[in-house]
Amino acid sequence: MPLWRTGDEWAYRWESPSGKGTRVFVVAREEAIAGVEHFVMTFADREAYFQKADLALSLEKRGGEVDRKMSPAWIRYQWPLRAGTSWTQTLTFERPKRRSTEEVIYKCTVSDPQTIVVPAGEFRALNVECVNARSGALLVDSWYAPDVMWYVRNRVPTRGGFIEWQLIGHQRK
């Protein structure tokens, strides 16, 4: 499992059917929620709370208010991350402002390492593909590179296609 530090950052270029742009993600601080230590990653007007113990995503805030809460915390990558492994996780996404919940069953598989070329360079990465266990629909397709301690490419379905993120820079503090 990677060891993030306050100040680590990842810069991405994104593109979707509706537009394109860049965004920087920064590990801004550490914070405890209900006794569980988290890294707080900031980007745009959002904050994402990743559990320090496993980097599972438990909460997202937008404009300082809870936008989405995951129960249990969403396991983006199961450590140690190795080719041929898989996991299934039932998640409940709660959106307090919308007063709604949604249950999704993620089935994730890790493929053999491959060389991925993105604007930031060439990286050895493991492909982690997560599908909806009920429908088989793609939920997230991510290429995790140990050298940068996060993904170098990420694809998520969106209206009319996909939003794709590609690493353009990484800084370790």
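Rules and cut-offs
- Residues numbered from 1 in each chain as written.
- Predicted model: local features only at pLDDT ≥ 70, side-chain atom pairs only at ≥ 80, totals over all residues.
- Heavy atoms only, no water.
- Helix = DSSP H or I, 4+ residues; strand = E, 2+ residues; numbered from the N terminus.
- Buried < 20%, exposed > 50% of the residue type's maximum accessible area, 1.4 Å probe, protein only.
- Polar contact = N/O pair within 3.5 Å; in protein donor to acceptor, adjacent residues only side chain to side chain.
- Pairing = 2+ DSSP bridges.
- Contact = heavy atoms within 4.5 Å.
- Disulfide = S-S within 2.5 Å.
- 1 Å grid on protein atoms, 1.4 Å probe; cavity = no way out; pocket = protein on both sides within 12 Å on 5 of 7 lines; lining within 4 Å.
- Points joined across faces, edges and corners; volume = space filled by probe spheres on them.
- Nonpolar A, V, L, I, M, F, W, Y, C, P; charged D, E, K, R; others polar.
- Salt bridge = Lys/Arg side-chain N within 4 Å of Asp/Glu carboxyl O.

Locating Arg-172 in the fold gives a position in the segment after strand 13 (161-171). Residue Arg-172 is classed as partly exposed on the basis of its relative accessible area of 34%. In this structure, the C-alpha to C-alpha distance between Arg-172 and Val-148, residues 24 residues apart in sequence, is 8.3 Å. In terms of polar contacts, Arg-172 uses its side chain to reach the backbone carbonyl oxygen of Leu-3, at 2.8 Å.

Bringing the pairing of strand 12 (residues 150-158) into the picture now. Direction of pairing for strand 11 (residues 138-145) relative to strand 12: antiparallel, over a ladder of 5 bridges. Within strand 12, the position partnered with Ser-142 by the bridge is Asn-154. Count of turn residues in the strand 11/strand 12 antiparallel hairpin: 4 residues, of which Met-149 carries a positive phi of about 65 degrees. The pairing of strand 12 with strand 13 spans 6 bridges and is classified as antiparallel. By the bridge assignment for strand 13, Asn-154 is matched with Trp-165. Following strand 12, the chain reverses through 2 residues before pairing antiparallel with strand 13; Gly-160 in that reversal takes a positive phi of roughly 80 degrees.

This part takes up the environment of Phe-25. By the secondary structure assignment, Phe-25 is in strand 2 (residues 19-33). On the accessibility criterion, Phe-25 (8% relative accessible area) is buried. Along the backbone, Phe-25 and Phe-43 are 18 residues apart, and their C-alpha atoms lie at a distance of 4.9 Å. Here Phe-25 is in contact with Asp-8, Glu-9, Trp-10, Tyr-12, Met-41, Thr-42, Phe-43, Tyr-151 and Trp-165, once residues within four sequence places are set aside.

Here the focus is the state of the cysteines. Disulfide: a covalent bond connecting the sulfur atoms of a pair of cysteines. Using the criterion set out here, one finds 1 disulfide in the structure. The side chain of Cys-108 participates in a disulfide bridge whose partner is Cys-130; the two sulfur atoms lie 2.1 Å from each other. Taking the sign of the S-S torsion, 110 degrees for the link of Cys-108 and Cys-130, the bridge is right-handed. Residue Cys-108 is found in strand 8 (residues 100-110), and its partner Cys-130 is found in strand 10 (residues 121-132); the two are separated by 22 residues along the sequence. Comparing Cys-108 with Cys-130, the two get one shared label, buried.

The space that makes up the largest pocket amounts to roughly 1,400 Å³. What lines the largest pocket is a set of 38 residues, among which Arg-46, Glu-60, Arg-68, Arg-95 and Val-156 lie closest to the centre. Tallying contributions element by element places strand 12 first for the lining of the largest pocket, with 6 residues. When its residues are assigned to classes, the lining of the largest pocket shows 21 nonpolar, 5 polar and 12 charged.

The subject of this paragraph is the pattern of salt bridges. Two side chains with opposite charge may pair up if their charged atoms get near one another. Summed over the entire model, instances satisfying the criterion amount to 11 salt bridges. In this structure, the salt-bridge partner of Lys-97 is Glu-65, at a minimum N-O distance of 3.8 Å. On the criterion of sequence distance, the pair formed by Lys-97 in the loop between strand 7 (86-95) and strand 8 and Glu-65 in strand 6 (residues 65-74) is long-range, its members being 32 residues apart. On the basis of relative accessibility, which here comes to 61%, the residue Lys-97 falls in the exposed class. Among the ionic contacts, a cluster of salt bridges with common partners joins Arg-29, Glu-31 and Glu-47.

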